[in-house]
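# Coordinates in review
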Amino acid sequence: MFSKSLAKPAVHLASLTGLFALMSAEPAAAGPTVTENHMDQIDTIQNEEAVGFRNGSVVVAPIPFSNPTIGAGLVLGAGYLFNLDETSKPSMIGLAGLRSDNGSTGYGLAANFAFDNNRWLIESMFAKADARYDLYTSVGKLPIGQKGTLARLSFAYGISREMSFGASLRYLDTVITPSINGLPPIPPPLDQFLNTEIATLGLFMDLDKRDDTLYPTKGSSLHIEVANGYSLSGIASDYTTGYMTYAHFHSISKKGVIAAIVSACGASSSTPFFDQCGLGTIDGFRGFSAMQFFDARSAAAQIEYRHRFTDRFGAVAFAGAGQVGPTLSQLSANGTHSAAGLGIRYRVSKKFPVDFSVDYSRNNLKEEQLYVYVGQRF
């Protein structure tokens with residue numbers, strides 16, 4: 001097989017909520033009371049091992065979430081899971097709707113296909129969203145609203161069991177305004193990106209040596225991606241972005257795992273602020289809103305200890321630090337931003353290592369954040 005299939009069916013349920021990447025870089029969430037029943041359905045689907053589109057099954061799941069960018073809310077997702085061949089992971093066609101307590105809303109569709117022994121992976125999505133979040137600017141924190149349409153299509157081809165290459169195409173049409181009347185206007189240079197239409201072409205590479213895709217206990221993963229954004233309307237010039245994440249996992253006992261991740265990102269000076277580099281945008285960094293620290297360059301590192309007390313319950317302790325700046329030589333000019341915290345884990349599936357996660361973090365600015373989601377941060 002050309003892609004690890006361990007725990008893969010569970011990923012498709014979570015991918016329904018990934019339709020709303022326009023709204024937040026935070027992973028989506030689910031609670032044990034609503035998730036466990038649906039994970040049992042996915043377990044049953046995998047046990048049946050039926051092949052062919054007509055032999056699939058429907059999964060419906062309400063999924064609560066919480067993050068510092070768009071607040072707390074609920075995603076309602078529905079998916080149809082099926083196997084195109086006996087040796088590939090399940091494919092999925094799904095839809096989802098989202099609403100948070102700060103007024104953010106959205107809906108979307110997704111279709112993901114895996115075939116030829118997982119050698120070929122095709123993922124597609126379409127979403128419309130009205131996101132409300134705080135934008136950190138030179139004049140202070142401004143509550144804004146970002147309405148938009150987002151579509152994405154990607155193809156990946158595995159040249160071996162561990163390495164794959166792919167290409168992606170993204171279309172984004174978005175309008176950004178202050179979310180409350182009477183607020184000061186969004187200051188320059190951010191104001192040049194308030195009404196934009198962009199097409200983005202990207203290339204990526206994955207080298208995955210983990211023993212499991214959802215709860216790895218050893219191995220490593222490397223993801224490298226570069227993309228060029230082409231202005232269709234609203235901004236003066238095209239732009240380029242690129243980033244890298246490397247994660248490593250090491251078991252120190254039967255119940256304990258050390259996980260670490262480093263990330264680096266770069267973007268050209270004409271990149272819209274919502275596509276720039278920042279803490280929490282590409283690597284699951286906890287402690288800050290995804291739009292709190294962003295610029296043309298970023299670098300961050302995180303470490304986490306994961307412990308299983310029982311088959312169902314676990315806990316984590318984590319810490320991370322990162323820097324953002326206009327150039328690599330100026331990364332440290334604005335200081336180092338750090339955060340640490342504790343989390344609890346509840347295993348929601350009897351067959352797959354899928355955890356319901358609640359994390360508490362405190363950053364160097366003495367701000368406290370709560371995260372609720374499904375899975376691990378990296």
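Look up a bit, the structure's there.
These numbers come from a predicted model, not from an experiment.

## Comments concerning the state of the cysteines
The tally for this structure, following the rule as stated, stands at one disulfide. One disulfide bridge connects Cys265 with Cys277, the sulfur atoms lying 2.0 Å from each other. Given an S-S torsion of about -70°, the disulfide between Cys265 and Cys277 has left-handed geometry. In this pair, Cys265 sits in strand E11 (residues 256-267) while Cys277 sits in strand E12 (residues 277-278), placing the two residues 12 residues apart along the sequence.

## Section: the packing of aromatic side chains
Counted under the stated rule, the structure contains eight aromatic pairs. Centre to centre, the rings of Phe82 and Phe113 are 6.3 Å apart; their planes meet at 55°, and the pair counts as tilted. On the criterion of sequence distance, the pair formed by Phe82 in strand E2 (residues 71-82) and Phe113 in strand E4 (residues 105-115) is long-range, its members being 31 residues apart. On the basis of an interplanar angle of 40° and a centroid distance of 6.1 Å, the ring pair of Phe273 and Phe294 is categorised as tilted. Of the two residues, Phe273 sits in the loop between E11 and E12 while Phe294 sits in strand E13 (residues 294-295), which places them 21 residues apart along the sequence. Each member of the pair Phe273 and Phe294 is classed as buried.

What counts, and where the lines are drawn
Residues numbered from 1 in each chain as written. Predicted model: local features only at pLDDT ≥ 70, side-chain atom pairs only at ≥ 80, totals over all residues. Heavy atoms only, no water. Disulfide = S-S within 2.5 Å. Helix = DSSP H or I, 4+ residues; strand = E, 2+ residues; numbered from the N terminus. Phe/Tyr/Trp six-rings, centres within 6.5 Å; stacked < 30°, edge-to-face > 60°. Buried < 20%, exposed > 50% of the residue type's maximum accessible area, 1.4 Å probe, protein only.

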